[in-house]
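Architecture and fold: a report
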4 protein chains.
Amino acid sequence: MDITFRSDFTTDLVDQMGDDDSVLRSMLVSTLKDGQVADMTDSAKRGRINFLMKGRHGTPFEHNALTFRSEAPIFVYREWHRHRIGVSINEQSGRYTEFLPFFYVPPINRPLVQKGKPGAYIYVEGDASQYAWLMQDMEYNAKVQWASYQERLENDIALEVARMSLGVNIYSSMYWTCNARSMMSFLSLRTREEAKLSPHPTDDNCMVVNPDGGAMFPSKPMWEIEACARAMEQTFATAFPLTYEAFVEHGRVSP
Amino acid sequence: MDITFRSDFTTDLVDQMGDDDSVLRSMLVSTLKDGQVADMTDSAKRGRINFLMKGRHGTPFEHNALTFRSEAPIFVYREWHRHRIGVSINEQSGRYTEFLPFFYVPPINRPLVQKGKPGAYIYVEGDASQYAWLMQDMEYNAKVQWASYQERLENDIALEVARMSLGVNIYSSMYWTCNARSMMSFLSLRTREEAKLSPHPTDDNCMVVNPDGGAMFPSKPMWEIEACARAMEQTFATAFPLTYEAFVEHGRVSP
Amino acid sequence: MDITFRSDFTTDLVDQMGDDDSVLRSMLVSTLKDGQVADMTDSAKRGRINFLMKGRHGTPFEHNALTFRSEAPIFVYREWHRHRIGVSINEQSGRYTEFLPFFYVPPINRPLVQKGKPGAYIYVEGDASQYAWLMQDMEYNAKVQWASYQERLENDIALEVARMSLGVNIYSSMYWTCNARSMMSFLSLRTREEAKLSPHPTDDNCMVVNPDGGAMFPSKPMWEIEACARAMEQTFATAFPLTYEAFVEHGRVSP
Amino acid sequence: MDITFRSDFTTDLVDQMGDDDSVLRSMLVSTLKDGQVADMTDSAKRGRINFLMKGRHGTPFEHNALTFRSEAPIFVYREWHRHRIGVSINEQSGRYTEFLPFFYVPPINRPLVQKGKPGAYIYVEGDASQYAWLMQDMEYNAKVQWASYQERLENDIALEVARMSLGVNIYSSMYWTCNARSMMSFLSLRTREEAKLSPHPTDDNCMVVNPDGGAMFPSKPMWEIEACARAMEQTFATAFPLTYEAFVEHGRVSP
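Quantities reported herein were computed from a predicted structural model and do not represent experimental measurements.

A residue-level look at chain A finds 100% of positions with pLDDT of 70 or above and a mean pLDDT of 96. For this predicted complex, the interface score ipTM comes out at 0.96, while the overall pTM is 0.97.

Below is the structure:
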């Protein structure tokens, strides 16, 4: 098979349990009012979910589930798999099956250059020649790696050994299951937003509130994992609209 | 409200995601054959799930969810809540709502007497007079407790203080979400089965296999939590028939 | 044995691994500078730990451990055990050993009366007669319960059945192991502090900063579990002084 | 810096809390005998720990901690990081620091050829020419990758982009904290042992017991992660001798 150079990620929703009402039912068992959710107005529902989010009452957001099937390069999964709580992972095995010849290359809009210090990098566009050269160099590396991989397999080298020189930009596939709470934890860490609060220029006893939203705890995710997170954020927003609205309003803090 | 003495437990299935096919899909992404599940025969599915169970490959059993609403006494929940992994809990709050006057009493078939040493108790029936006296004594305690609880609330004592003398046999309500893997962990610990393997009487190099099933690692659960577990086991068996069959066949070991 | 009425809680440090330097070492492996921690100034250490805390980089706070032995009533443990992540629990068993005749009663400074709505209660002192009556009533309940418990055991009723009428204010004992991260999660939820931020009275685009500290996400813990949390907070502050200082400064948000 | 080809792994013990006595103390709080551990004989201790292991009573094995600093290639960490429970991870960052030019190559005793079907591979030695060619090919790939990496960095490409073509055999560094329970889970999955039980050749109602030990649930780990696991197994055996002995005796089942 020929090498395909890809810059896309897939995060297809495979299965779903629950919605905003599930959140409310598990919340309201605390006062034995879980049977009343069906009769609540949207406004009452919104109020309750905002109360949970504002106060970081997290457990009611766990009684639901979303399963995604995703395709992404290994260097993205390396970060993704560091989420341990409230998530389940099954991934394509480099020991039991041959990789497909899919290699990631950055799309043209992916910032290539970092400025600043570790922990506070700013990423900016590269220039056209940088990008062109990088593409060429990545394609060259992929071709060398893939040719070696194929040749090793032909020489009867075990899959798990043959793959050792494949780059971290080779694609893999994964089933990932989370719940609304672990999804919000993922989104809070893997999306980049302006700060919701910033120091007041003249008054030490005040913080300026960003009226357009923003994150209480801004994160600095890698571009590629943010692309995956943003796609899943859309799915999440559709599946749990009131929960998502409250998440955004309260500064994208995982409850 | 008058006191109700109850000996029942409820474990109603509220929500469900996934089935045996979900297990197979997340398993088969390892060899990129997850798209073939729809075309597999039952026999092929059974074989794959048996392979997972026998080898204790646990993660494919996590991409699904079951939510239960249960009612049980506090001393049962005290054990139930010790399960931490792959489970979510929301419970009726003694701080935010008044308890209902439901007190647990053992049913007539609940063994009342323990024999043997801690860690190896055997439970046997009490005699009729023991049971009758115990019922009377439990009802007396419940009445004293409930009267105090009501009087404290009338005297403007906070809910969370008023409840301090209520017995651990008062009922509470809970939403509990698990997946097939955490359910099997719960069942393996909270149901009592004969040993699947026992020492051979004459041959030290052999173990006798119990042909009627049994547990590789027999547990000694409390009668009441086993009643809850057995009810959920039925629900689980219906929702994941091949998984459940493999669980039983392979000695009720959580994968 | 005679009944003892107690109002205290014990949270004795049994074992400890790690300190602020452990946090720094595991943080600095990210840039392969973990070998330099021994040579860092206190100021440099403080700066690094503040960076972690402010940005909610949580994992470096996990490579350490604290084990406590505690004694507290069951209604406190009921809340305590709801913490599932990064904690380990072993507790005295009501099935395998006889309870000691220790019953909790609120001390004189424990607020007895709640005002307001569920989720927003304010607790205020009771009056002297309320307190006196409550003490009397709690002692009465404890005596009835303990007499029944003893009589049931004498009548050969199993421990796990005999205890069913014991109140949730009976004491139990526990080993609890956490790490600095799960400790901070516990403290953020189980201590009550003023809000660090509150709405500006006239300017919607500002938040007022509480100069005396406070919590970004104020919690409303039960008085008794806060007493336990505050005692462990002292232990934690001693064991991880820079981490604790950063935790307080940044609004008691668990990283 | 010149490329170094390595075939070793490091798993240095950095920090430790607890020992077999910690296991016993947390176990014995169940019967309020935790204060008696200091006076127990080794034989009594062994008996208790065997009881825990045999019955899979897991929680007493959690009140302790081991921190390791390890160096291993990324394809090993990809498996290692799939352990989510009772473990903490901090790893060298490819976004914040430059990789060191350390590439893994299989040592001469590493089986190179797989036989059989996925899920049941057997690995056998390659022949000398296979090995020689593979070494050459891996060195070639590493040189191409490292030259590209260096050139990209010189061309001002961000670290996180420059590294995208590096092979999964490049080394990384990690702090990893576990406890005795999560360590045994790791060992049970990441070491290969003969089966402790196998079907009796003629008697369906019996299983043959392997007198030399073996695993109740044999695993098929990758050679490289087993090398890491075996090194940590030695550390664990020294730190928790009775626990380790019971683990081995009872078929290397994680309790």
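Glancing now at the pairing of strand β4 (residues 88-91) of chain D. All names here are of chain D. Taking every second residue as pointing to the same face, both faces of β4 are buried, with Ser88 and Asn90 on one and Ile89 and Glu91 on the other. Where β4 and strand β8 (residues 171-178) come together, 4 bridges link them in antiparallel fashion. Pairing of glutamate 91 across the sheet is with methionine 174, part of β8.

What follows is about the pattern of salt bridges. With the rule as written, the count across this model stands at 80 salt bridges over all chains. Linking Glu91(B) and Arg82(C) is a salt bridge whose minimum nitrogen-to-oxygen distance equals 3.3 Å. Taken together, the residues span two chains, with Glu91(B) in strand β4 (residues 88-91) and Arg82(C) in the loop between α3 (74-80) and β4 (88-91). Since its relative accessible area comes to 7%, Glu91(B) is described here as buried. A single salt-bridge network, built from bridges that share partners, covers Arg6(A), Asp8(A), Arg69(A), Glu71(A) and Asp34(B).

Before going further, it helps to spend a moment on the sheet that holds β4(B). All names here are of chain B. If you walk across this open sheet you meet the 4 strands as β2-β3-β8-β4, and the pairing is antiparallel. The two strands at the open ends of the sheet, each matched to only one other strand, are β2 (10-17) and β4. Sheet twist, expressed as the mean angle between neighbouring strand axes with direction ignored, is 20°. Against the sheet, helix α6 (residues 180-190) engages β3 (65-73) and β8 (171-178), with an angle of about 130° to β8.

Core analysis: the biggest nonpolar cluster contains 138 residues, and Trp80(B), Trp176(B), Trp80(C) and Trp176(C) have the highest contact counts within it. Ignoring sequence-local partners within four residues, the contact set of Trp80(B) consists of Thr11(B), Ser70(B), Met174(B), Trp176(B), Phe186(B), Ile225(B), Cys228(B) and Met232(B). Core analysis: the second largest hydrophobic core is formed by 137 residues, Val113(A), Leu187(A), Ile170(D) and Phe236(D) among them.

The partner chain C presents 58 residues to the 58 residues of chain B that form the contact. For the pair chain B and chain C, the two sides together bury roughly 5100 Å², of which 51% comes from carbon and sulfur. In this structure, the connection of chain B to chain C is made through 8 salt bridges. A salt bridge links Arg110(C) to Glu160(B), with the shortest nitrogen-to-oxygen separation between them at 2.7 Å. Applying the counting criterion to the chain B and chain C interface returns 32 residue pairs in polar contact (both at pLDDT 80 or more). Of all the secondary-structure elements, those providing two or more residues to the side of chain B that touches chain C are α3 (74-80), β4, β6 (113-115), α4 (128-154), α5 (159-162) and α7 (223-239) of chain B. Its residues assigned to classes, the side of chain B that touches chain C comprises 29 nonpolar, 13 polar and 16 charged.

What counts as what
Residues numbered from 1 in each chain as written. Chains lettered and ligands numbered in written order. Predicted model: local features only at pLDDT ≥ 70, side-chain atom pairs only at ≥ 80, totals over all residues. Heavy atoms only, no water. pLDDT = per-residue confidence, 0-100. Buried < 20%, exposed > 50% of the residue type's maximum accessible area, 1.4 Å probe, protein only. Helix = DSSP H or I, 4+ residues; strand = E, 2+ residues; numbered from the N terminus. Pairing = 2+ DSSP bridges. Salt bridge = Lys/Arg side-chain N within 4 Å of Asp/Glu carboxyl O. Axes fitted to C-alpha atoms, helices over the stretch in contact; angles between N-to-C directions. Contact = heavy atoms within 4.5 Å. Core = buried A, V, L, I, M, F, W, Y, C linked by side-chain atoms within 4.5 Å. Buried area = accessible area lost by both parts, 1.4 Å probe. Polar contact = N/O pair within 3.5 Å; in protein donor to acceptor, adjacent residues only side chain to side chain. Nonpolar A, V, L, I, M, F, W, Y, C, P; charged D, E, K, R; others polar.

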